[in-house]
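Coordinates in review
What follows is each chain in one-letter form.
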Amino acid sequence: MEFTFKVLCGSPDGNIVEKLTTRPLGENDVFIKTTHSGLCGTDEHFLHRDQALGHEGVGVVQHIGSSVTRVKVGDRVGFGFIRRVCGTCDNCISGCDNHCREKRAYGQHDFDVGSFSHGTVWDADAVYPIPDGYDSAHAAPLLCAGASVWACLTNNGIRPSDRVGVVGIGGLGHLAIKLAAALGYNVAAFSGSERKQEEALAFGASEFHRFPSTQGCIRIKPVKHLLLCGSSDVDYASLLDLVDTNGTIYHISVTLEPTPIPLVPFGQKGIRIQGCFITSRRNLQELLEFAARHDIKPTIMTFPLTKSGLEEAFEELRLGGIRYRAVLEHPGL
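Under an unreviewed UniProt entry, the name given to the protein chain is Alcohol dehydrogenase, and the source organism is Aspergillus vadensis. Heading Sequence similarities (unreviewed entry) of the UniProt record for the protein chain holds this comment: "Belongs to the zinc-containing alcohol dehydrogenase family."

In structure tokens, the structure reads:
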């Protein structure tokens, strides 16, 4: 069985183009009718490639392969970067949680995108059931932005008594504040925009600081964990006064450029810089269930899931006009 559906793709000149693509339905595949997709800043990296765009998808399962048991027709599911898993490589066997190891069904083997579409064929082992009652428009941004900060907040030994700092109150940062507060952490928010103070406190931060400060050094009680969620162009030397001795910095925003780090002062304070893997399948499912249980919702703006709607969303993203995640919705809903 094969399915043909419309996708929105990048192109060598950076323009968005509509294409039709056909994919066969394998025995462990599902065909999903896409209803929603989040727009992520990293989508910009794919604009000049001749491939389908988007990696924060939510939709409804329309058909299933002969061996699929995890989901059924009619289920709402999310899908992200990973389309297919091998179950045999080192990432699958040693780099995942026990559930994945037992199932032998998790890996970083086939990265794909394609949530800016009217449908897609996906490996059933790489989709995530959306909890009943949780809106699909709110679930979409959790597939990447939410997953990135959730993995950081739950996989690095952060304790409820720890001070957690969030630099940058945007698509990633506002979710980091909401989730960290719900997990019981003491959250300090940092932003260069004073106008975001009220929102940051409403999201769950217990304090707000202007950063970078217009008056030079910030004198605060340092944080044990600092999440960099804003601009990827970071002056690491400016972070020294924010982070406690033996604290950790997590660079969640993405940059392709080299980042200089002052090794001597970082070494004197024992500050670590921790890479942040998006998350495992099990961890992401836990996030969806946690968000539904605690009624944690991304703050979103919606656009139609069309070529013109995607172009408008990209333009707003570049202008800094998105508060705080853009979500595209199928116009037929």
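1. Observations regarding the environment of Asp162
With respect to the element layout, Asp162 can be found in the loop between helix H4 (145–154) and strand S10 (163–167). The buried category is assigned to Asp162, whose relative accessible area is 7%. When the C-alpha positions of Asp162 and Thr245 are compared, they lie 13 Å apart, and in sequence the two are 83 residues distant. Setting aside residues no more than four positions away along its own chain, Asp162 makes contact with Gly157, Tyr185, Asn186, Lys224 and His225.

2. Re the pairing of strand S14 (residues 243–251)
Consecutive residues of a regular strand have side chains that alternate between opposite faces of the sheet. Two elements, strand S13 (residues 223–228) and S14, share five bridges in a ladder whose sense is parallel. Bridging from a neighbouring strand, Leu226 pairs with Ile249 of S14. Sheet topology places S14 next to strand S15 (residues 272–274); three bridges connect them, and they run parallel. Across the sheet, residue Tyr250 finds its bridge partner in S15, namely Gln274.

3. Regarding the pattern of salt bridges
Applying the stated criterion across every chain, the model contains eleven salt bridges. Between Asp50 and Lys19 there is a salt bridge, and its shortest N-O distance comes to 2.4 Å. Here Asp50, found in the loop between strand S3 (29–39) and strand S4 (57–64), pairs with Lys19, found in strand S2 (residues 17–24); they are 31 residues apart in sequence, far enough to count as distant. Residue class for Lys19 comes out partly exposed when judged on its relative accessible area of 33%. Residue Glu56 is joined to Arg325 by a salt bridge in which the shortest nitrogen-to-oxygen separation is 2.7 Å. Here Glu56, found in the loop between S3 and S4, pairs with Arg325, found in strand S17 (residues 325–329); they are 269 residues apart in sequence, far enough to count as distant. Relative accessible area serves as the criterion here: at 6%, Arg325 is assigned to the buried category. Taken together, the shared-partner salt bridges in this structure form one network comprising Glu44, Glu315 and Arg318.

4. Examining the sheet that holds strand S11 (residues 186–191)
Spatially, six strands are ordered S12-S11-S10-S13-S14-S15 in an open sheet, and the strand pairing comes out parallel. The open sheet has two edge strands with one neighbour each: strand S12 (207–210) and S15. Averaged over neighbouring strand pairs, the angle between their axes works out to 20° when direction is ignored. By the bridge criterion, five bridges tie S10 to S11 in an arrangement that is parallel. When the bridges of S11 are listed, Arg163 appears paired with Asn186. In this fold helix H5 (residues 171–182) packs onto S10, S11 and S13, with an angle of close to 165° to the strand it touches most, S11.

5. Examining the nonpolar core
Ile177 and Leu227 are the most contacted members of the largest nonpolar core, which totals 42 residues. Taken together, the elements giving at least two residues each to this core come down to H4, S10, H5, S11, helix H6 (197–203) and helix H8 (281–293). Looking at which domains feed residues into this core, each of domain 1 (2–144 + 279–329) and domain 2 (147–275) gives three or more. Setting aside residues up to four positions removed in sequence, Leu227 forms contacts with Cys152, Leu153, Val164, Gly165, Val166, Val167, Ala176, Tyr250 and Ile252. If you look at the next biggest cluster of nonpolar residues, it comprises 20 residues, including Leu47, Leu53, Cys144 and Leu305.

6. Notes on the packing of H4 against H8
Put simply, H4 and H8 touch, their axes get as near as 10 Å, and they point 100° apart. As far as their axial angle goes, H8 and H4 are roughly perpendicular. Residues Gly146, Ala147, Trp150, Ala151 and Thr154 of H4 pack against Asn283, Leu284, Glu286, Leu287 and Phe290 of H8. Residues of the contact of H4 with H8, tallied by class, amount to six nonpolar, three polar and one charged.

7. Some details on the domain arrangement of the protein chain
Frequently, the measure chosen for interface size is the accessible area that the parts lose on association. Considered domain by domain, the protein chain is made up of domain 1 (2–144 + 279–329) and domain 2 (147–275). Domain 1 and domain 2 are separated by 27 Å when their C-alpha centres are compared. Contact residues are listed per partner, giving 19 residues for domain 1 and 22 residues for domain 2. Buried area between domain 1 and domain 2, both sides added, is near 1700 Å², and the carbon and sulfur share of it is 63%. Where domain 1 packs against domain 2, one counts zero salt bridges. For the side of domain 1 that touches domain 2, the leading source of residues is H8, giving five residues. Residues that form the side of domain 1 that touches domain 2 fall into these classes: ten nonpolar, five polar and four charged.

8. So, H8
Owing to its 3.6 residues per turn, the α-helix brings residues three or four apart onto one side. The end-to-end C-alpha distance of H8, which contains 13 residues, comes to 18 Å, matching closely the 18 Å that a straight helix rising 1.5 Å per residue would cover. When H8 is considered as a whole, its buried residues turn out to be Arg281, Asn283, Leu284, Gln285, Leu287, Leu288, Phe290 and Ala291. After H8 finishes, the residue Asp295 shows a positive phi value of roughly 55°.

The rules behind each value
- Residues numbered from 1 in each chain as written.
- Predicted model: local features only at pLDDT ≥ 70, side-chain atom pairs only at ≥ 80, totals over all residues.
- Heavy atoms only, no water.
- UniProt positions renumbered as here; feature names shortened; annotations may be inferred.
- Helix = DSSP H or I, 4+ residues; strand = E, 2+ residues; numbered from the N terminus.
- Buried < 20%, exposed > 50% of the residue type's maximum accessible area, 1.4 Å probe, protein only.
- Contact = heavy atoms within 4.5 Å.
- Pairing = 2+ DSSP bridges.
- Salt bridge = Lys/Arg side-chain N within 4 Å of Asp/Glu carboxyl O.
- Axes fitted to C-alpha atoms, helices over the stretch in contact; angles between N-to-C directions.
- Core = buried A, V, L, I, M, F, W, Y, C linked by side-chain atoms within 4.5 Å.
- Domains from an automatic or database assignment.
- Parallel < 35°, antiparallel > 145°, perpendicular 65-115°, else oblique.
- Nonpolar A, V, L, I, M, F, W, Y, C, P; charged D, E, K, R; others polar.
- Buried area = accessible area lost by both parts, 1.4 Å probe.
- Expected span 1.5 Å × (residues − 1).

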